[in-house]
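# Overview (structure and organization)
Each chain, written out:
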Amino acid sequence: MSDRVLVFEMAPRDGLQNEARVIPTEDKIALVDALSRSGFKKIETASFVSPKWVPQMADGAEVMAGISRRAGVAYTALTPNMEGLEGALAAGADEVAVFGAASETFSRMNVNCSISESYERFRPIMDRAAAEGVPVRGYVSCVTDCPYEGRVAPEAVAAVARALLDMGCYEISLGDTIGKGIPESVSAMLDAVLSLVPAERIAGHFHDTDGRALANILAALALGIRTFDASAGGIGGCPYAPGAQGNVATEAVVGLLEAEGFETGIDWDALGEAARFAQRLRAG
Ligand code: HMG
Ligand code: MG
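This text gives an overview of the structure that appears in the document. Since the structure is predicted, the reported quantities are computational estimates derived from the model, not experimental observations.

## Re the site of ligand 1
In the vicinity of ligand 1, 28 residues are found, and the nearest of them are Gln17, Lys52, Asn112, Ser141 and Thr177. Note that a nitrogen atom of ligand 1 is positioned 3.2 Å from one of the backbone N or O atoms of Val49. Asn110 has a polar side-chain atom sitting 2.9 Å from a nitrogen atom of ligand 1. Within the complex, the protein chains bury 75% of what would otherwise be the 1100 Å² of accessible surface of ligand 1. Contributions of two or more residues to the shell around ligand 1 are made by α1 (11-15), α4 (82-90), α5 (104-111) and β5 (136-141). Partitioned by chemical class, the residues of the shell around ligand 1 number 12 nonpolar, 11 polar and five charged.

See the structure below:
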């Protein structure tokens, strides 16, 4: 098993999307640039969603245009529908992501359609992105618990993950959207998913509401997962998951991984600067 782990940096998107205060575009650009200097190979930079639903992400095109791109870094964007995909392509996103859920109620609250309707929305995105040579990541939200429905069946998560893989997503990021997972529920969920999707196509995306994200990452590492999403400074949350805290802090994840003997390629000092900057943005 590889001793290298890819940390996918989320702060500019999952980190900032939930902030009520309007964050100036130049600060978002400065955050992305600080993360680029830290050695991340993947930075989720923007979200091409409806500005009525998530006003904070309305300046995605300006953010993408303003960043200093580093060679070898993929600057990625969320694209819920064709309108979002066209925006992301025009802005030069290196990679895009569709996002679905394992819970029907969360799907309706987050993207205003059922799980099966979301697949129909994703298909043209997959076709158009493939024609442009742009890889598509797939997210599954509520992989252990849903803010509206409670516990989510592992088989439901596995079915959505497999559907996204079959549609052409290169990787499936499994989101503990509200940070209620515990190592036991995460392992049971992963057992089900891994019966349908190989570990190298899976990423872990843990929010840290109850302080168990690192324990959940250890559980996922033990099952062979080698990609984790994290947010510098631990900032963020989801507007449609009331009470949910940010993604697990990147600096905590990198510290854990290195203590466990994994390589991340992240520059510790540069990450510290980026994390402090991210937290200042949240503080206002
Ligand atoms: P809808 O209202 O059903 O969409 O929203 P619609 O097609 O009826 O369009 C309504 C209006 O929005 C129209 O404008 C569209 O043009 C506009 P109007 O004619 O009324 O002036 N519109 C757009 N504008 C810009 N870009 C777009 C776009 N799409 C429509 N892409 C929709 C459906 C999916 C658009 C909406 O529900 C939405 O934007 N949802 C996004 C919610 C979101 O961003 N959630 C947070 C990200 S997911 C997350 O955080 C979880 C994750 O981190 C993993 C985890 O932790 O679990 C990934
Ligand atoms: Mg998230």
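And the narrative resumes.
## A word on the environment of Ala259
Within the secondary structure, Ala259 is located in helix α10 (residues 250-259). The sequence separation of Ala259 and Ser185 amounts to 74 residues, and the corresponding C-alpha distance is 24 Å.

## Quick look at unusual backbone geometry
For Asn112, which is not a glycine, the phi torsion comes out positive at approximately 60 degrees. Structurally, Asn112 can be placed in the loop between α5 and α6 (115-132). Even without a glycine there, the phi angle at Cys142 is positive, about 60 degrees. Counting through the fold element by element, Cys142 comes out in the loop between β5 and β6 (145-146). Take Cys142: its relative accessible area is 0%, and that puts it in the buried class.

Parameters at a glance
- Residues numbered from 1 in each chain as written.
- Chains lettered and ligands numbered in written order.
- Predicted model: local features only at pLDDT ≥ 70, side-chain atom pairs only at ≥ 80, totals over all residues.
- Heavy atoms only, no water.
- Near = heavy atom within 4 Å.
- Polar contact = N/O pair within 3.5 Å; in protein donor to acceptor, adjacent residues only side chain to side chain.
- Areas by Shrake-Rupley, 256 points an atom, 1.4 Å probe, with all protein chains shown as cover.
- Helix = DSSP H or I, 4+ residues; strand = E, 2+ residues; numbered from the N terminus.
- Nonpolar A, V, L, I, M, F, W, Y, C, P; charged D, E, K, R; others polar.
- Buried < 20%, exposed > 50% of the residue type's maximum accessible area, 1.4 Å probe, protein only.

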